[in-house]
Amino acid sequence: AVTPDATPAFASRTYSTVQAAWTGTGGNKCWLKMNLGATREANSATDTGLDAAGWFFQFNRQQGYVNDGVNRIPNTPWINPINETSDWVIGFDPCNKLLGGTWRIPTQTEWNAFLTAPVAQGGVASGYLSDAYASTLKLHAGGNLSGGDGSLQNVGTYAYFWSSGQNSSNTAGSFRFGTNGSYPVNATKNFAYALRCIQD
């Protein structure tokens, strides 16, 4: 388990980890088995607990947010739009800031390898939310925060995770896992998605 340093707004956490078993990029590395900021692993594919959802992050920002469906913490002005030509730089990477060492946000290539890996290897094989939860990473539909105002969306329906790579000045690579399948999404950077961390 890995214990990150405390951040100003949130208490420290202890995380369970898992060694990836699929072939391809990222398949021989250690990943978090729970969302960054979560205090426990999800109990089901549609777990709606805030303690399993963890923290949500806008792209290339190190500030994490929680939202109970009514209140967003911290309730600071929402950054909208985000328009900058940059991947997620290591200096703003919450995985690296909180876990230290060689921890970081996965690349689009690493997420794609997981997405297309056979279920027998612990991947998703572009399957459904049930496959994502049954995978090595035990993903669940923790939802996301909207790009417009940071309100809570899609809890129990979809899981969204950022990669570290941008696709344009206002969009970046993310990955969606849901009841209608799992696939890459070119998302606007002002949305706040969950993070899974990977260790080199």
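The rules behind each value
All residue numbers here refer to positions counted from 1 along the written sequence of the relevant chain. Only residues with pLDDT of 70 or above have their local features reported here, since the model is predicted, and side-chain atom pairs are shown and tallied only from 80 upward, although totals for entire chains, interfaces and linings are computed over all residues. The basis for the side-chain values is all heavy atoms of the structure; hydrogens and waters are excluded. In this scheme Phe, Tyr and Trp rings, the latter by its six-membered ring, pair at centre separations within 6.5 Å, and the angle between planes marks the pair as stacked below 30 degrees, edge-to-face above 60, and tilted otherwise. A run of H or I in DSSP becomes a helix once it reaches four residues, and a run of E becomes a strand once it reaches two; helices and strands are each numbered from the N terminus. Each residue is assigned to one of three classes by its accessible area relative to the maximum for its type, calculated with a 1.4 Å probe on protein chains only: buried under 20%, partly exposed between the two thresholds, exposed over 50%. Whenever Lys or Arg places a side-chain nitrogen within 4 Å of a carboxyl oxygen from Asp or Glu, that contact is recorded as a salt bridge. Any cysteine sulfur atom paired with another within 2.5 Å is treated as part of a disulfide. Note on definitions: a residue-residue contact is assigned when non-hydrogen atoms from the two residues lie within 4.5 Å.

Go over the packing of aromatic side chains, please, and point to the residues and values.
One pass over the structure, following the stated rule, counts 16 aromatic pairs. Ring geometry for Trp 111 and Phe 177: centres 6.0 Å apart, planes at 50°, overall tilted. Placement of Trp 111 in helix α3 (residues 108–116) and of Phe 177 in strand β10 (residues 171–178) is noted, with a sequence separation of 66 residues between them. By relative accessible area, which is 0% here, Trp 111 ends up buried. Its relative accessible area of 0% is what places Phe 177 among the buried residues.

Provide a residue-level description of unusual backbone geometry, including the pertinent values.
The step from Ile 73 to Pro 74 runs through a cis peptide bond, and the omega angle for that step is -5°. Topologically, Pro 74 is positioned in the loop between β5 (72–73) and α2 (94–99). Backbone geometry places Lys 138, a non-glycine residue, at a positive phi of 55°. When you line up the elements, Lys 138 lands in the loop between α4 (129–134) and β7 (144–145). Despite not being glycine, Asn 154 shows a phi value in the positive range, around 65°. Note on Asn 154: relative accessible area 29%, which makes it partly exposed.

Go over the pattern of salt bridges with me, naming the residues and quoting the values.
Per the stated rule, a full pass over the model turns up eight salt bridges. A salt bridge links Asp 200 to Lys 29; the nearest nitrogen and oxygen atoms lie 2.9 Å apart. Here the residue Asp 200 occupies a position in the segment after β13 (198–199), and Lys 29 occupies one in the loop between β1 (17–19) and β2 (30–32), the gap between them amounting to 171 residues. One salt bridge in this structure joins Asp 47 and Arg 40, with 2.7 Å as the shortest N-O distance.

So what's going on with the state of the cysteines? Which residues, and what values?
As enumerated under the stated definition, the model contains one disulfide in all. Here Cys 95 pairs with Cys 197 through a disulfide, and the sulfurs are 2.1 Å apart. Its S-S torsion of approximately -80° makes the covalent link between Cys 95 and Cys 197 left-handed. In this pair, Cys 95 sits in helix α2 while Cys 197 sits in the loop between β12 (192–193) and β13, placing the two residues 102 residues apart along the sequence. Here Cys 95 matches Cys 197 in class, with each residue buried. Residue Cys 30 stays outside any disulfide, its sulfur separated by 10 Å from that of Cys 197, the closest cysteine.

Explain the environment of Val 155 to me, using residue names and the numbers behind them.
Considering the arrangement of structural elements, one finds Val 155 in the loop between β8 (152–153) and β9 (158–166). Between the alpha carbons of Val 155 and Gly 127 there is a distance of 19 Å; along the sequence they are 28 residues apart. When residues no more than four places from it in sequence are discounted, the contact partners of Val 155 are Thr 48, Ala 141, Gly 142 and Gly 143.

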